[in-house]
Amino acid sequence: YDEFIEPWLKIYGKDIKVVFFDDLVKDPERFMTGICNWLEIDPGFYRDYAFSVKNRSLQFRSAPIQKLAVKANTAGKLLWRKNPGLKDKLLSFYYRFNGKPFERDEIDSSVTQFLREHFEPHNRRLHSILSSYGVDGLPQWLGSPEPVAA
């Protein structure tokens, strides 16, 4: 993001709101209320809104069952649109039956280290850019800001 966001910020300034997925996950109501307030619209809609995950990422136990589920989802689009509660119940059952959470130790530690080293300077630069434009509440993964050249 560090390579692309600065021109947008230069052109649009305070007319851009930078948000982070981490904050949406942590507190969806607060996240959406903040966006509504920034847009100067009533956030009341989200006071008692039931936030739920609609497209959860997970691994599956059985590839054939996963393929069948994808076909059923595609074939039943109209049914699901008219009966979202039914789809939610079936998805919940499917996740319990065929889903399994990702296991962190499945990613090789050398790959994790490579990715950290690769993105660290970009994240530091992004931190500096966002801070200089007054964006606060930056996530921890952005690290410390890039040192300012003397």
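In this text the structure is predicted, and so the values were computed from the model without any measurement.

### Observations regarding the nonpolar core
Residues Ile5, Leu9, Val18, Phe20, Leu126, Ile129, Leu130, Val135 and Leu142 constitute the largest nonpolar core, which totals nine residues. Elements that contribute at least two residues to this core include exactly helix H1 (5-12) and helix H7 (109-132). In contact with isoleucine 5, not counting residues within four places along its chain, are Val18, Leu126, Ile129 and Leu130. Counting residues in each nonpolar core, the second largest holds five residues, with Phe31, Met32, Ile35 and Cys36 among its members.

### Structural notes on the packing of aromatic side chains
The relative placement of two aromatic rings is captured by the distance of their centres and the angle of their planes. All told, the structure shown has nine aromatic pairs when counted by the stated rule. A centroid spacing of 5.8 Å and a plane angle of 5° characterise the contact between phenylalanine 93 and phenylalanine 97, whose relative ring orientation is stacked. Of this pair, phenylalanine 93 and phenylalanine 97 both sit in helix H6 (residues 84-98), four residues apart, which is roughly one turn of that helix. A relative accessible area of 48% means that phenylalanine 97 is categorised as partly exposed. A network of ring pairs unites the aromatic residues Phe45, Tyr46, Tyr49 and Phe51 as a single cluster.

### A word on the packing of H1 against H7
Two elements in contact, H1 and H7, have axes separated by 10 Å at closest approach and are oriented at 5°. In this view, H1 runs roughly parallel relative to H7, as classed from their interaxial angle. Touching Ile5, Glu6 and Leu9 of H1 are Arg125, Leu126, Ile129 and Leu130, all from H7.

### Concerning the side chain of serine 128
In this structure, serine 128 sits in helix H7. Those residues in contact with serine 128 that lie beyond four places of it in its chain are Pro145 and Glu146.

### Topic: the packing of helix H4 (residues 63-75) against H6
In contact at an axis separation of 12 Å, H4 and H6 are set at 170° when each is read in the N-to-C sense. When the axis of H4 is compared with that of H6, the two are roughly antiparallel. Note on element contacts: H6 touches H4 through Lys87, Tyr94, Phe97 and Asn98, opposite Ile65, Gln66, Ala69 and Asn73.

### Observations regarding a nonpolar patch on the surface
Side chains of Ile107, Val111, Phe114, Leu115 and Phe119 sit close together on the surface and give an oily, nonpolar patch of about 470 Å² of accessible area. Structurally, leucine 115 can be placed in helix H7. The exposure class of leucine 115 is partly exposed, given its relative accessible area of 40%.

Conventions used here
- The residue numbers shown here count from 1 along each chain, following its written sequence.
- Residue-level local features of this predicted model are given only where pLDDT is at least 70; pairs of side-chain atoms are given and counted only at 80 or more, and the full residue set underlies all totals for whole chains, interfaces and linings.
- Heavy atoms throughout the structure, all of them, feed into the side-chain values; hydrogens and water do not.
- Remark: nonpolar core denotes a set of buried residues (Ala, Val, Leu, Ile, Met, Phe, Trp, Tyr, Cys) joined through side-chain atoms within 4.5 Å.
- Accessible area is worked out with a 1.4 Å probe on protein chains only. A residue is then buried under 20% of its type maximum, exposed over 50%, and partly exposed in between.
- Helix and strand assignments come from DSSP, with helices taken as H or I runs of at least 4 residues and strands as E runs of at least 2, each series counted from the N terminus.
- A contact between two residues is defined here by any heavy atoms of the two lying within 4.5 Å.
- Any two of the Phe, Tyr and Trp rings considered here, Trp counted by its six-membered ring, make a pair once their centres fall within 6.5 Å; the pair's planes then place it as stacked at under 30 degrees, edge-to-face at over 60, or tilted in between.
- Working convention: axes come from line fits to C-alpha atoms, limited for helices to the stretch in contact. Angles between N-to-C directions cover 0 to 180 degrees.
- Any angle from 65 to 115 degrees is called roughly perpendicular, while one under 35 is roughly parallel, one over 145 is roughly antiparallel, and all others are oblique.
- Residues with no salt bridge and a relative accessible area higher than 30% make up the patches, which join like charges within 9 Å and nonpolar side chains (Val, Leu, Ile, Met, Phe, Trp, Tyr) within 5 Å.
- Throughout, the Shrake-Rupley method with a 1.4 Å probe supplies accessible areas, and for residues the shown protein chains are the sole cover considered.
- By definition here, a salt bridge exists when the distance from a side-chain nitrogen of Lys or Arg to a carboxyl oxygen of Asp or Glu is within 4 Å.

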